[in-house]
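# Fold and geometry: a report
The lines below spell out each chain.
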Amino acid sequence: MKSNLAIALTTALLLAACQRETATPTQPTAAAIPSNESQPFTMQPWSLPTNAAAAQPDLITAPDGSLLLSWVEPQGDAHALRFAIFGNGRWSAPRTIAQGDDWFVNWADIPHVAVTEDGALWAHWLQKSAASTYAYDVVLVHSADGGATWSKPVRVNDDGKAAEHGFVSLWPASRDTLGIAWLDGRESAGEEHTGHHGHDAHASGAMTLRTAMFDPQLQRRDESRLDAMTCDCCQTDVAMTSRGPLLVYRDRTPEEIRDIAVTRLENGTWTASHAVHDDHWKMPACPVNGPSASARGNDVLVGWYTAANDTQALKLARSNDAGDNFAAPVTLDQGEAVQGRVDVAFDTDAAWALWLREDAQGQSVQLARYAPDLSRELQRIEVARLQGRGRGTGFPKLAVNNGIAHVVWTDIVDGKPKLVAATIAR
């Protein structure tokens with residue numbers, strides 16, 4: 001019997017800022033960087049279901065193997081969160097999840113979508129809570145009919161403080177329950193000061209990391225504060241291991257050490273957090289450059305940016321015990337051109353990483369494939385040269401299905417953001 005999601009997706013399928021400007025959108029780079037295997041990558045443009053101005057993409061794999069792409073479209077003074085489904089080689093017609101003129105829309109703090117095993121869809125965005133620039137809440141919606149209709153939004157954080165709440169991760173906590181993690185500024189609400197590389201101001205005090213569970217009626221339970229002091233505006237991520245969800249984030253100490261930490265929810269309790277690796281990066285402001293994680297069984301892959309020892313670098317580390325311990329990291333890329341903004345994925349026989357570089361010629365999207373244990377690099381390719389620079393290109397997204405990598409990124413065309421995509425096979 002088909003799941004509710006499969007039925008809904010089948011129906012849907014049948015229905016089927018910034019700096020540099022040019023007249024045409026970026027397309028995947030024609031020539032690949034030579035690979036380290038005899039068989040090179042094969043890359044093709046991937047047509048997307050939107051031609052409108054769009055940014056802040058999110059790309060996930062549903063339990064049935066289809067891909068869900070969501071994005072944000074500017075609509076005058078308002079914004080709309082939209083999504084479409086890719087399955088059986090084609091896209092569904094795009095649908096609108098929500099729209100509003102009171103949203104907080106940011107290049108780095110993007111909305112996410114999720115699918116639980118019952119076929120339900122979930123989505124979140126950020127909504128202003130006061131006139132202050134960085135006063136906004138996380139709101140959550142649920143759809144039981146494949147995205148045709150959506151519930152009334154509820155606030156994930158119920159503290160009522162005019163403070164920052166964002167950088168969310170979602171995961172299926174049970175067949176019909178959603179887990180959610182977010183950075184919460186309720187304990188740091190107060191006088192603002194400058195210092196962020198991307199948030200120009202932020203309340204004094206410590207940002208915290210919190211989690212909660214939501215049922216299909218959007219009733220909250222099991223809310224917890226997991227960390228009393230985290231980096232203020234770096235993305236969080238979750239990898240689903242055989243022993244429970246592993247939450248990955250950038251920690252912060254009173255001495256301003258901002259390394260990557262993990263904690264796992266096992267048997268209803270979050271484990272004590274610990275560092276993936278002691279980079280010992282002392283950083284007085286938020287780098288807006290969080291980690292990415294992926295899991296397959298108890299094998300975990302984490303990718304992250306660091307500038308410890310005054311060297312910009314991207315690192316990859318692997319655990320074979322669901323995040324209890326990590327092997328020494330390998331360096332994916334390093335040097336002044338490294339922008340980070342990494343996304344990682346596990347396939348059946350490989351570990352993949354996607355990231356951005358920016359040199360004198362502009363920004364580029366890079367993709368590498370490693371042996372699952374990270375013992376050797378198998379292939380590497382420059383996916384595309386971008387026309388945009390700086391923050392406007394946001395964070396590229398990666399999903400891998402059956403040996404095919406699906407990559408989506410944001411470029412700037414005629415002063416407007418546009419989504420571009422490619423598929424890469426080996």
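Residues numbered from 1 in each chain as written. Predicted model: local features only at pLDDT ≥ 70, side-chain atom pairs only at ≥ 80, totals over all residues. Heavy atoms only, no water.

In space, the four strands of this open sheet follow the order 11-12-15-16, with antiparallel pairing throughout. Both outer strands of the open sheet, strand 11 (165–172) and strand 16 (220–230), are each paired with one neighbouring strand and no more. Strand after strand, the sheet turns through a mean of 20° between neighbouring axes, direction not considered. Looking at chain direction, strand 15 (residues 207–214) and strand 16 are connected through six bridges and run antiparallel. Among the inter-strand pairings, Thr211 is bridged to a residue of strand 16, identified as Ser224. (Pairing = 2+ DSSP bridges. Helix = DSSP H or I, 4+ residues; strand = E, 2+ residues; numbered from the N terminus. Axes fitted to C-alpha atoms, helices over the stretch in contact; angles between N-to-C directions.)

Attention shifts here to the confidence of the model for the protein chain. The pLDDT averaged across the protein chain works out to 90; a share of 87% of its residues lies at or above 70. Confidence drops under pLDDT 50 across residues 30–35; counting only partners more than four residues distant or on other chains, this segment forms 10 contacts. (pLDDT = per-residue confidence, 0-100. Contact = heavy atoms within 4.5 Å.)

With the rule as written, the count across this model stands at 26 salt bridges. Here Glu223 and Arg210 are joined by a salt bridge, their closest N and O atoms 3.1 Å apart. Placement of Glu223 in strand 16 and of Arg210 in strand 15 is noted, with a sequence separation of 13 residues between them. With a relative accessible area of 26%, Glu223 lands in the partly exposed category. With a relative accessible area of 12%, Arg210 lands in the buried category. Where Glu223 meets Arg220, a salt bridge forms, and the shortest distance between an N and an O atom there is 3.5 Å. Of the residues examined, Arg220 reaches a relative accessible area of 29% and is grouped as partly exposed. (Salt bridge = Lys/Arg side-chain N within 4 Å of Asp/Glu carboxyl O. Buried < 20%, exposed > 50% of the residue type's maximum accessible area, 1.4 Å probe, protein only.)

Turning to the side chain of Asn401, a few remarks are in order. For Asn401, the location among the structural elements is in strand 30 (residues 397–401). Taking relative accessible area as the criterion, Asn401 reaches 18% and is therefore assigned buried. Polar side-chain contacts of Asn401 include one of 2.9 Å to the backbone oxygen of Gly65. (Polar contact = N/O pair within 3.5 Å; in protein donor to acceptor, adjacent residues only side chain to side chain.)

Turning our attention to the side chain of Gln56. Within the fold, Gln56 resides in strand 2 (residues 55–61). Note on Gln56: relative accessible area 13%, which makes it buried. Excluding residues within four positions of it along the chain, Gln56 makes contact with Ser70, Trp71, Val72, Val105, Asn106, Trp107, Ile110, Pro111 and Thr410.

In spatial order, the strands read 22-23-24-25; together these four strands make up an open sheet with antiparallel pairing. The open sheet has two free edges, formed respectively by strand 22 (292–296) and strand 25 (330–334), since each of these has just one partner strand. If you compare each strand with its neighbour and ignore which way they point, the axes differ by 15° on average. Bridging between strand 24 (residues 313–319) and strand 25 involves four bridges; their strand directions are antiparallel. Bridge pairing links Leu316 to Val330 in strand 25.

What characterises a pair of aromatic rings is the spacing of the ring centres plus the angle enclosed by the ring planes. One pass over the full model with this rule turns up 11 aromatic pairs. Among the aromatic side chains, those forming a connected cluster through ring pairs are Trp46, Phe86 and Trp91. Note that Arg296 overlies the ring of Phe346, its terminal NZ or CZ placed 5.0 Å from the centroid. When the ring centre of Phe395 is taken as origin, the NZ or CZ atom of Arg341, which lies over that ring, is 6.0 Å away. (Phe/Tyr/Trp six-rings, centres within 6.5 Å; stacked < 30°, edge-to-face > 60°. Lys NZ or Arg CZ within 6 Å of the ring centre and 35° of its normal.)

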